[in-house]
Amino acid sequence: MKYLHFKAITLKDNWLENAYIELDKDGIITQINTSKPTKNEQIEYINGYALPTLVNSHSHAFQYAMNGKAEVHTHHNADDFWSWREAMYATALSISPEEMQKVATLLYKEMLRVGYGEVVEFHYLHHDKNGKPYQYLPEMSERLLIAAQNAGIKITLVPIFYQKGGFGKPATDGQKRFISKDFSTYLTLFESIKKIIPNYKNATLGVGFHSLRAMEPHLLPAFIDTFGSEKYPIHLHIAEQLLEVKDCLEYLHARPVEWLLNNAPISEKWNLTHCTHLTDFETEKLAKSKANVILCPSTEGNLGDGIFNLKTFQKYGGKWAIGTDSHIGINPAEEMRWLDYGQRLRTHNRQSFTSETQKESGRFALQNVIKAGRQTTGKMNEEFFEIGKPFDTLVLDASHPVLSNQSLQYTLSSWLYGLDSKAYLGTIINGNFVKV
Ligand SMILES: [Zn+2]
C-alpha cells in the first residue's frame, strides 16, 4: 500500500483539493481521501494538479518516421493528401521490424510525456518489404506490443484488414505490405495476433478495416458476422477526402457514412476516424448511432482534409475522441485546441466546447475525450478516477507561473489553451511516474 498526495485532482465534475490517493502494489486505486491517512505509511507529496491520462485513439506509429519529410513541396499546385500518401508509402515500404520497434518506442514515450496513457494503434503494415507475410505472421504487430511495453504505455492493437487500392481497384505496389487478399487470409493473421496479446500485460485487441475504399463492400456482412458480437472495438477511416466521397458515390451510389449507416449495425463499439466530409443529415444520423468519431486535428490540418461539422454533431449528442494519426502533432491539448479554433474561425463564435450542463470549455473537452476515448479501446467507464481502477494521471506543475496565480476552476482551460508541456510534472501509469 502507498499514498500519493496532490494539491488537487480533478474528478469528472469538480476538483478535489488536498487529495490523498491510496494505491495497492499494482497501482490500483483503493481509496481517495482528503484527510491524511492514519496508517504509518509512506506518503509521496506532489506539488501538482492531477488529470486523468488520455487515450490517443488513432495512431500509425511508423508515420512518426516521416515527421517533417513531407514538407518539401515539389508537386506544383498538386501537393495534397494524395501526394502526401505517396511519401507515406515510401516510408512504409522501407521500414524494417527493428526500425518499427524503435520508432514506435520513441513515439510512445513522447505520447506518455504529454499525457497519453493509452494508444489505439491502427495497424496495417503487416508484411515484409516484398509484400509477403512474415514467416512469423505477427512480426510487425509484436514489435508494436514490445514498443508499448518498453515505453510503459497501454495499447489497444487494432490489426487492420486492407484489401483494395480504391473503390473497385486492385492494390498498388506502394500498398503491398498492407494487403490481405481476402477475408480468410486476414482472419488467419488476426488469429495469430490474438494469440500473442495475453503475453503483454497492458495490451488489448481491437479490430478494423482500413476504409470502405480499401475493402470490397460485399465483405462487410462477413466482417460483421465474425466480429459484431465480439467485445472488440471496431475501427475504420471514413470520409476524410472529397475524392473519396465522389468515388464512393460512383461505386456504391451513396456517400461513405450514409452507406455505412445503412449497411452496418453502428453502435458505440464502432469508431469512425475523420468523418470530415459529411452532410448535416449524415452528421445527425451518425451522432444518434452512438458511434465514436475520432478526430485528428493536427494531421487533418497538415493534410488539408477539411473541418469536421462539430457543432451539428454535438447538437445531436455525438461523442468525439482524439488521435494523432500521422503524429505531425503529438500533444492532446494541442489537438483539442486545433479542433476548437477550427470551429471558432469558421463560425465566428467562441462556443464550441459547451453544452447545457457544462459551460467550461476545458472540462467539457476533457469529459468528452475521457468518455469517447475510453470507448475507442472498448472500455465504458467515464469517471475520471475510480476505486478499483489503475491510477493513471498527467500531473500539472502547481508552481507554473500561470497555475500558481490562478483559481483552480480555470486550470483545465489553461491546460487546454494556454500551456505547453513545460507545465507538466510528469505522467503516472499504474501508480508510478514513467521515465521518458
Ligand atoms: Zn489514420
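No experiment lies behind these values; they were computed from the predicted model shown.

A short note on the sheet that holds strand S1 (residues 2–10)
Strand pairing in a sheet takes place through backbone hydrogen bonds and is either antiparallel or parallel in direction.
Argument step 1. Spatially, the seven strands line up as an open sheet ordered S3-S2-S1-S4-S14-S15-S16, and their pairing is mixed. A strand with exactly one partner marks an edge of an open sheet, and here the two such strands are strand S3 (29–33) and strand S16 (432–433).
Argument step 2. By the bridge criterion, four bridges tie strand S2 (residues 15–23) to S3 in an arrangement that is antiparallel. The partner of Glu 22 across the bridge, within S3, is Gln 31.
Argument step 3. Across the face of the sheet, helix H12 (residues 361–375) comes into contact with S1, S2 and strand S4 (43–52) while running at roughly 90° to S4.

Some details on the coordination of the zinc ion
Argument step 1. Only His 58 (NE2), His 60 (NE2), His 237 (NE2) and Asp 325 (OD) from the protein coordinate the zinc ion, and they sit 2.0 to 2.4 Å from it.
Argument step 2. Relative to the metal, the four donor atoms surrounding the zinc ion lie at angles of 83 to 172°, and the coordination shape comes out irregular.
Argument step 3. Summarised as a motif, the one-chain spacing of the donors to the zinc ion is H-x1-H-x176-H-x87-D. Of the two residues, His 60 is situated in the loop between strand S5 (54–59) and helix H1 (81–94) and His 237 in strand S10 (residues 234–238); the sequence distance between them amounts to 177 residues.

Details of the nonpolar core
Argument step 1. Ranked by size, the top nonpolar core spans 134 residues in total, and within it Tyr 108, Leu 260, Trp 270, Trp 320 and Trp 415 carry the most contacts.
Argument step 2. Top contributing element to this core by residue count: helix H2 (residues 97–113), with seven residues.
Argument step 3. Three or more residues apiece are contributed to this core by two domains, here domain 1 (2–52 + 385–433) and domain 2 (54–375).

Description of helix H7 (residues 256–263)
Argument step 1. Along H7, the residues that are buried comprise Pro 256, Val 257, Trp 259, Leu 260 and Leu 261.
Argument step 2. Elements in contact with the buried residues of H7: strand S9 (207–209), helix H5 (220–227), S10, helix H6 (242–252), strand S11 (270–274) and helix H8 (280–289).

Some words on the domain arrangement of the chain
Argument step 1. Partitioning the chain into domains gives domain 1 (2–52 + 385–433) and domain 2 (54–375).
Argument step 2. Domain 1 and domain 2 are separated by 30 Å when their C-alpha centres are compared.
Argument step 3. Tallying the contact residues gives 23 residues for domain 1 and 26 residues for domain 2.
Argument step 4. Approximately 2,000 Å² of surface area, both sides summed, lies buried where domain 1 meets domain 2, with 51% of it carried by carbon and sulfur atoms.
Argument step 5. Along the contact surface separating domain 1 from domain 2 lie one salt bridge.
Argument step 6. On the surface where domain 1 and domain 2 come into contact, there are 15 residue pairs in polar contact (both at pLDDT 80 or more).
Argument step 7. Elements with a contribution of two residues or more to the side of domain 1 that touches domain 2: S4, helix H13 (411–417) and strand S15 (424–429).
Argument step 8. The biggest single contributor to the side of domain 1 that touches domain 2 is H13, with five residues.

Considering the pairing of S5
Argument step 1. Counting buried positions along S5 yields six of six residues, so the element is predominantly enclosed.
Argument step 2. Sheet topology note: the S5/strand S6 (residues 116–123) ladder contains four bridges and is parallel. Looking across to S6, one finds that Leu 54 is bridged to Tyr 116.

Quick look at the environment of Ser 361
Argument step 1. The residue Ser 361 is located in helix H12 in this model.
Argument step 2. Sequence-distant contacts of Ser 361, defined by excluding residues within four places in its chain, comprise Arg 344, Phe 353, Ser 413, Leu 416 and Tyr 417.

Some points on the side chain of Thr 393
Argument step 1. Considering the arrangement of structural elements, one finds Thr 393 in strand S14 (residues 393–397).
Argument step 2. Side-chain polar atoms of Thr 393 contact the backbone oxygen of Leu 51, separated by 2.7 Å.
Argument step 3. Setting aside chain neighbours within four positions, we find Thr 393 in contact with Ala 50, Leu 51, Pro 52, Thr 53, Phe 385, Gly 426, Thr 427 and Ile 428.

Focus: the packing of H7 against H8
Argument step 1. It is at 10 Å that the axes of H7 and H8 come closest, and there the two elements cross at 40°. What the angle tells us is that H7 and H8 run oblique. Our pair here, H7 against H8, has a crossing hand that is left-handed. Judged by residue contacts, Pro 256, Val 257, Glu 258, Leu 261 and Asn 262 of H7 engage Glu 282, Lys 285, Leu 286 and Ser 289 from H8.

What about the pairing of S14?
Argument step 1. Taken across its five residues, S14 has five buried, putting it largely inside the fold.
Argument step 2. Side chains Thr 393, Val 395 and Asp 397 project from S14 onto one buried face, and the interleaved Leu 394 and Leu 396 project onto a second face that is buried too.
Argument step 3. Judged from the five bridges that link them, S4 and S14 form a sheet pairing that is antiparallel. When the bridges of S14 are listed, Ala 50 appears paired with Val 395.
Argument step 4. Sheet topology note: the S14/S15 ladder contains four bridges and is antiparallel. Bridge pairing links Leu 396 to Tyr 424 in S15.

What counts and what doesn't
- Residues numbered from 1 in each chain as written.
- Predicted model: local features only at pLDDT ≥ 70, side-chain atom pairs only at ≥ 80, totals over all residues.
- Heavy atoms only, no water.
- Pairing = 2+ DSSP bridges.
- Helix = DSSP H or I, 4+ residues; strand = E, 2+ residues; numbered from the N terminus.
- Contact = heavy atoms within 4.5 Å.
- Axes fitted to C-alpha atoms, helices over the stretch in contact; angles between N-to-C directions.
- Donors = N, O, S within 2.8 Å, 3.2 Å for Na, K, Ca; no water.
- Tetrahedral: all angles 85-135°; square planar, octahedral: opposite > 155°, others 65-115°.
- Core = buried A, V, L, I, M, F, W, Y, C linked by side-chain atoms within 4.5 Å.
- Buried < 20%, exposed > 50% of the residue type's maximum accessible area, 1.4 Å probe, protein only.
- Domains from an automatic or database assignment.
- Buried area = accessible area lost by both parts, 1.4 Å probe.
- Salt bridge = Lys/Arg side-chain N within 4 Å of Asp/Glu carboxyl O.
- Polar contact = N/O pair within 3.5 Å; in protein donor to acceptor, adjacent residues only side chain to side chain.
- Parallel < 35°, antiparallel > 145°, perpendicular 65-115°, else oblique.
- Left-handed = near helix turned anticlockwise from the far one by under 90°.

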